[in-house]
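Coordinate analysis (summary)
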Amino acid sequence: MAADETERRLALNERTNEAIDSVVQKLFSSKKSKADEMKETKEFLKSLGDLLDVYNPTRLAAVWNRTQDLHLTEQCFRQMQSYLKELGDGAIWALKMSDASGKYGGGFLWGNNYWVGSATLCYQINEQPVVEERAPFALGFFMLRTMVKLNSHITPTPRSQLLGVCLPLSCTSVDASRLVELSAREAMLDMDRTLQITSVKSPHNAYYITDDPIFWILVVVSTAVFVLLLIGTVLDLYLEYVMDKDGNFSYDNYTFVFSKNIHHNSIRSGQTVVKVEMNAENNNNGVMAEDGSGVTTESNSVASDEVIKKPGVLREVMLSFSVRRNMMTICDKSVGADTIPTVHGLRSLSMAWVILGHTCIVAFKYSDNMMYRNVVEKELLFQTINNAAFSVDTFFFISGLLVAFLYFRTTAKHDLSKITKSTGFVSCVLQFIGMVAYRFARSEDCGHDDKKKQKYEVLVLLFNSMCMLWSWYLADDTQFYVLGTILLIMAVKHFRAAASLMVVFLISSWCTTAYIAFSNKHMPNVDDPLALFDKIYDKPWTRFGPYLVGMATGWFLFKIDCKIKMNRIVTWVGWTLSTVGLLCLLYGLYEQQLHPVSAAAYSSLSHTAWATCLAWIVIACSTGYGGYVNKFLSWTVLYPFSRVTYCAYLIHPIIIRIFAMRMDSPVHLGKDLVAVMFLGQLVASYILSFIVSLAFEAPVVSLLRIVSSTKRKTK
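Below is a summary of the structure that appears in this document. (Residues numbered from 1 in each chain as written. Predicted model: local features only at pLDDT ≥ 70, side-chain atom pairs only at ≥ 80, totals over all residues. Heavy atoms only, no water.)

This part is about the overall build of the protein. Secondary structure summary: the protein contains 29 helices and 10 strands in total. For the protein, the proportion of its 715 residues judged to be buried stands at 42%. With the model as given, the accessible surface of the protein reaches about 39,100 Å², and the carbon-plus-sulfur share is 62%. (Helix = DSSP H or I, 4+ residues; strand = E, 2+ residues; numbered from the N terminus. Buried < 20%, exposed > 50% of the residue type's maximum accessible area, 1.4 Å probe, protein only. Areas by Shrake-Rupley, 256 points an atom, 1.4 Å probe, with all protein chains shown as cover.)

Below is the structure:
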């Protein structure tokens, strides 16, 4: 019986071996190599975390002594060897150093492109009070940009990843690259992952603003401006309070005029106060009589006092820097006769909209869950952010509106041929040169040198520099201003020709934009709003329509003198069409499928349509048919924010960039977080805008007025 059982088992084993041989023969009957078979087998054993474990100091320590091809610099080699040894022994400083380096922490398929670690922790290791927790050598934080590619199913194209590593400061950029490459190679996952280091940001090449001479020039200029602000403010207060201690004179902060108080003993009780301008052109020392019917002559003593108190040019220059006076000017609740109050509200709201859009762009870019954007983009209200480009069209519309309105108001009041001292074509050329020269005097292009861009970042608070990416708006607006100036000058005597040329410009801008959008298969409801930034978004032919609509609106308001009668039906139809048009442009493409032709038409006409809807709002509000909309857009609370819009536009991207660049780790996107970020950026941008406007913009405007007044007097 035992022998039979043994034979049965042998037969079973033989049949099993034959089956195994048959399976093996089938497996290797294909033309796959042994490496391919190993690769397929390992696919079941690897996790995403293993594939993305690029830099691992513990793995480096395990292979350090048996690796002969490091090719590191001598000091870096010795300090790395010490670091890896202490890491194996569990030294606190070495563990912190390893912990400070970036590593895969999840979210790769959710858009996490940042394995940056913590630069703050890396540098804090050298500042620990306890010797045992302090590194025995200086540390540096290296940032490497890598291109990672897994299999074609996970990453069809290489992914750009940022990797931060904490290393001895003695290591160079080449050393950092070799250490990361060694760690990645020793992971033995090269068959499933490729890693390429494209650039290294070394702490040895860090930009320190204190080493830049431009920074110290700015410090000197800012200090000088601060001293002028202090002197101007003190002088203003002195003239306002100290010189008026006897009740005889008061000082007007807006006109630099001293007032003679005829009834100085009863001023505080509401008695009449009359003014006499004490300037270089008033030498008769006369004041208005109490009844206002004529001029009476004061005594020699009063005249002498007035001459003593007469403001000179130097005093006027100093008072131009008065913080108190400039703040009162910015916050003034009144507007000039040639100002359209509605513009203040449109400008303020549009600026807030621009800041919201730029805040979201940065939040999406520097987040560890960028794919979250695909979730919120499916919500209807997100279209408000996705279509924030219309806020820029509002600025172009306002610019064209004011240029045309003020120009026609000026030509109606003054004969420009007397100013240019010429007539006909020569007068038109001189007008054009004068208007364009004034515009270009405010701009300066620093070129396209990247090093200049870095150095001039500290100056963007002062100058309109084309080094700023967001200054594309200023470039477009300047081009529109040049063409608009030609149209305005032509319109004075050749209105039909100017109007026809305007229509030609408008249609050509539509056709050009439509052709570019169609040829590039641009889908405005699907593509990123900045997808064709260099072809459509920032190009003048795309944005010229709103500017021309603004010019036409400005001419119309001038022609009707902001007075027109409309019946209730016209008013309701106008407001309905305008409101529906704006809402359709903002939310009309939500979950819509566009044909390439209709998509090109939308890209071409939408900007002009937006400005047309705004044109009705401005006309209705300026002619008394605005209702609550006019009350809100003309709300005096918005005036100060409108007056510092130019500074806010230049400054807010810098605030946003500083916030992003100084983060120790990427943000994790969320609706509440983005809302808080936006509110913080909005408040910070406007606070700094008020400071810059008070320190630079407002004083310069006052100085230009003084120079202009002096030139008139000399003539």
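Moving on from the model shown.
In a beta sheet, neighbouring strands are held together by backbone hydrogen bonds and run either parallel or antiparallel to one another. Strand order across the open sheet formed by four strands is 1-3-2-4, with mixed pairing between neighbours. With one partner strand each, in any of the chains shown, strand 1 (114-115) and strand 4 (194-201) form the two edges of the open sheet. Here strand 2 (residues 139-149) runs beside strand 4; their pairing, made up of seven bridges, is antiparallel. Bridge pairing in strand 4 places leucine 144 opposite valine 200. The strands touched by helix 8 (residues 173-186) within the sheet are strand 2, strand 3 (159-168) and strand 4, with strand 4 carrying the most contacts at an inclination of about 160°. (Pairing = 2+ DSSP bridges. Contact = heavy atoms within 4.5 Å. Axes fitted to C-alpha atoms, helices over the stretch in contact; angles between N-to-C directions.)

Before going further, it helps to examine helix 13 (residues 342-365). Between the first and last C-alpha of helix 13 there are 35 Å, a value that for 24 residues agrees with the 34 Å anticipated at 1.5 Å per step. The buried count for helix 13 comes to 19 of 24 residues, which makes it a mostly enclosed element. (Expected span 1.5 Å × (residues − 1).)

Counted under the stated rule, the structure contains two disulfides. Bridging cysteine 76 to cysteine 171, the disulfide has an S-S length of 2.0 Å. The sign of the 80° torsion about the S-S bond sets the cysteine 76-cysteine 171 disulfide as right-handed. Here the residue cysteine 76 occupies a position in helix 5 (residues 74-89), and cysteine 171 occupies one in the loop between strand 3 and helix 8, the gap between them amounting to 95 residues. One exposure class covers both cysteine 76 and cysteine 171, and it is buried. Across the disulfide, cysteine 122 is cross-linked to cysteine 166 (sulfur-sulfur distance 2.1 Å). Since a negative S-S torsion denotes a left-handed disulfide, the cysteine 122-cysteine 166 link at about 75° is right-handed. Residue cysteine 122 is found in helix 7 (residues 119-124), and its partner cysteine 166 is found in strand 3; the two are separated by 44 residues along the sequence. Residue cysteine 122 is classed as buried on the basis of its relative accessible area of 0%. (Disulfide = S-S within 2.5 Å.)

What follows covers the pattern of salt bridges. With the rule as written, the count across this model stands at nine salt bridges. Measuring nitrogen to oxygen at the nearest pair gives 2.8 Å for the salt bridge that ties lysine 671 to glutamate 379. Residue lysine 671 is found in helix 29 (residues 671-714), and its partner glutamate 379 is found in the loop between helix 14 (372-376) and helix 15 (383-386); the two are separated by 292 residues along the sequence. (Salt bridge = Lys/Arg side-chain N within 4 Å of Asp/Glu carboxyl O.)

Right, let's talk about unusual backbone geometry for a bit. Only a minority of non-glycine residues have a phi that is not negative, and only a minority of peptide bonds are not trans. Of note in the backbone geometry, cysteine 562 takes a positive phi value of approximately 55° without being a glycine. Relative to the helices and strands, cysteine 562 is located in the loop between helix 23 (540-560) and helix 24 (568-587). At glutamate 591, a residue that is not glycine, the phi angle is positive and equals roughly 55°. With respect to the helices and strands, the residue glutamate 591 is situated in the loop between helix 24 and helix 25 (596-622). According to the relative accessible area criterion, glutamate 591 is exposed, its value standing at 63%.

This part is about the packing of aromatic side chains. Per the counting criterion, the structure on display carries 27 aromatic pairs. With centroids separated by 4.8 Å and ring planes inclined at 15°, the aromatic side chains of phenylalanine 480 and phenylalanine 544 adopt a geometry described as stacked. Of the two residues, phenylalanine 480 is situated in helix 20 (residues 472-493) and phenylalanine 544 in helix 23; the sequence distance between them amounts to 64 residues. Here phenylalanine 480 and phenylalanine 544 have matching classes, each one buried. Taken together, a centroid distance of 6.4 Å and an interplanar angle of 35° make the contact between phenylalanine 632 and tryptophan 635 tilted. (Phe/Tyr/Trp six-rings, centres within 6.5 Å; stacked < 30°, edge-to-face > 60°.)

What follows covers the pairing of strand 3. Across the 10 residues that make up strand 3, a large majority, eight, are buried. Bridge analysis of strand 1 against strand 3 gives two bridges, and the strand direction is parallel. Counterpart to tyrosine 114 in the pairing with strand 3 is leucine 162. Where strand 2 lies against strand 3, 10 bridges are found, and the strand directions are antiparallel. When the sheet's bridge partners are listed, phenylalanine 141 is paired in strand 3 with cysteine 166.

On to the environment of tyrosine 625, then. Of note, tyrosine 625 is situated in the loop between helix 25 and helix 26 (627-633). Using a relative accessible area of 22% as the deciding quantity, one classes tyrosine 625 as partly exposed. Between the alpha carbons of tyrosine 625 and arginine 568 there is a distance of 9.4 Å; along the sequence they are 57 residues apart. Excluding residues that lie within four positions of it along the chain, tyrosine 625 makes contacts with Ile564, Lys565, Met566, Thr571, Trp575 and Ala620. Reaching out from tyrosine 625, the side chain makes a polar contact with the backbone oxygen of isoleucine 564 at a distance of 3.3 Å. (Polar contact = N/O pair within 3.5 Å; in protein donor to acceptor, adjacent residues only side chain to side chain.)

What follows concerns the packing of helix 23 against helix 25. At their nearest, the axes of helix 23 and helix 25 sit 8 Å apart, and the two run at 20° to each other. By the criterion of interaxial angle, the relationship of helix 23 to helix 25 is roughly parallel. The hand of the helix 23/helix 25 crossing is right-handed. Where helix 23 abuts helix 25, its residues Thr542, Arg543, Gly545, Pro546, Val549, Thr553, Phe556 and Leu557 lie against His607, Thr608, Ala611, Thr612, Ala615, Val618, Ile619 and Ser622. Residue composition of the contact of helix 23 with helix 25, grouped by class: eight nonpolar, seven polar and one charged. (Parallel < 35°, antiparallel > 145°, perpendicular 65-115°, else oblique. Left-handed = near helix turned anticlockwise from the far one by under 90°. Nonpolar A, V, L, I, M, F, W, Y, C, P; charged D, E, K, R; others polar.)

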